[in-house]
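Each chain, written out:
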Amino acid sequence: MLVVVSNKYRDTYKYRRKLNNLGLHFECGKWKLKTSDEYVIESIVRFCRRKKLYYECIEDNYVRSNNYRKKFIEHYEKQKGKYYRCAYCGKKIEENKMTVDHIIPIDKVQHHWIYRKLMKMSGITNINDVSNLTPACEHCNKRKGNKINLRYYIRGILGRKYKSATKTHFAIIIIYLLLVLGVFCVITLLFTDEINMIINWLVKYF
Ligand SMILES: [Zn+2]
C-alpha cells in the first residue's frame, strides 16, 4: 500500500516532524510511504484524521514498481536485435536512450475510478504489467506525460505491436476510419427522419 499525505485541506508543513516519525518521506510536494504494515498504515490514518490532513491509501496495483523497465526489456525483444522503436513517433531508439512509458498513466489510475475501469477492461491487473508498457523516446514520453486519450492509447498499443512505423500508421488510419464510419452509422440510425427532411428540403429548393 502507498500512503500519501498532501496539502489539500490543511498545510502539512506544521506536522512535518510527526509525519517523518511515522515513516513518511517528502517527495514532489507530498508525504509518501510504501508499506504493507497495517499497524503503521492505521497510525498514519488516525493521525491524519485527528489533524484533518488529506490522505490517500493507494493499492499496490496502482503504484509504480522499481523493476518495470527491467521486466519490459526481458519481455520485449529489440527489433533485429539492435534497437527499439518509439511507439508514438516511430523513431528508432537505442536501449540506453529508450524510456518505458505506462500507456495508462499511473497518476490517472491513482486518482480517477474511470481509468481504473479502463485498466480492468483492458485486462490489466497491475499498472506495471508489460501489457501497459510501451517503448518511447524521451521527447514523446515527456510530451505525453500523464495524458491519455484515444490517440495515445491506440499508438501505445499498436506502436509496440508493429515493427514498422508505416504499418502502425496504416493500422491507425484504418481504426480512425472505422470509428468515423461507426459514428456516421449511429447518427444515421438515430436521426433517419430528420435526415430525410433535410434531403427533401434540399431537393425542393435546389
Ligand atoms: Zn517518439
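Bear in mind that the values here come from a model prediction, so they are computed numbers and not experimental data.

> Which parts of the structure should I look at to understand the sheet that holds strand β4 (residues 54-58)?
Within a sheet, neighbouring strands are paired by backbone hydrogen bonds and run either parallel or antiparallel to one another. In spatial order, the strands read β2-β3-β1-β4; together these 4 strands make up an open sheet with antiparallel pairing. Edge positions in the sheet fall to β2 (25-27) and β4, since each has one partner strand and no second. On average, each strand axis in the sheet is tilted by 30° relative to the strand beside it, whichever way the strands run. The sheet contact formed by β2 and strand β3 (residues 30-34) spans 3 bridges and is antiparallel.

> For this particular structure, what's the right way to read the environment of Pro-105?
Here Pro-105 lies in the loop between β7 (99-102) and α4 (106-111). Sequence separation of Pro-105 and Cys-48 is 57 residues, and the distance between their C-alpha atoms is 27 Å. If we skip the residues at most four places from it in the chain, Pro-105 touches Asn-146 and Ile-148.

> Looking at this structure, how should I read the pairing of strand β1 (residues 2-6)?
Here is the key point about a regular strand: its side chains alternate between the two faces of the sheet. Taking every second residue as pointing to the same face, the buried face of β1 carries Val-3 and Val-5, while none of Leu-2, Val-4 and Ser-6 on the other face is buried. Pairing of β1 with β4, which is carried by 5 bridges, proceeds in the antiparallel orientation. Counterpart to Val-3 in the pairing with β4 is Cys-57.

Definitions and cut-offs
- Residues numbered from 1 in each chain as written.
- Predicted model: local features only at pLDDT ≥ 70, side-chain atom pairs only at ≥ 80, totals over all residues.
- Pairing = 2+ DSSP bridges.
- Helix = DSSP H or I, 4+ residues; strand = E, 2+ residues; numbered from the N terminus.
- Axes fitted to C-alpha atoms, helices over the stretch in contact; angles between N-to-C directions.
- Contact = placed C-beta atoms within 7 Å.
- Buried ≥ 20, exposed ≤ 12 C-beta atoms within 10 Å, placed from the backbone.

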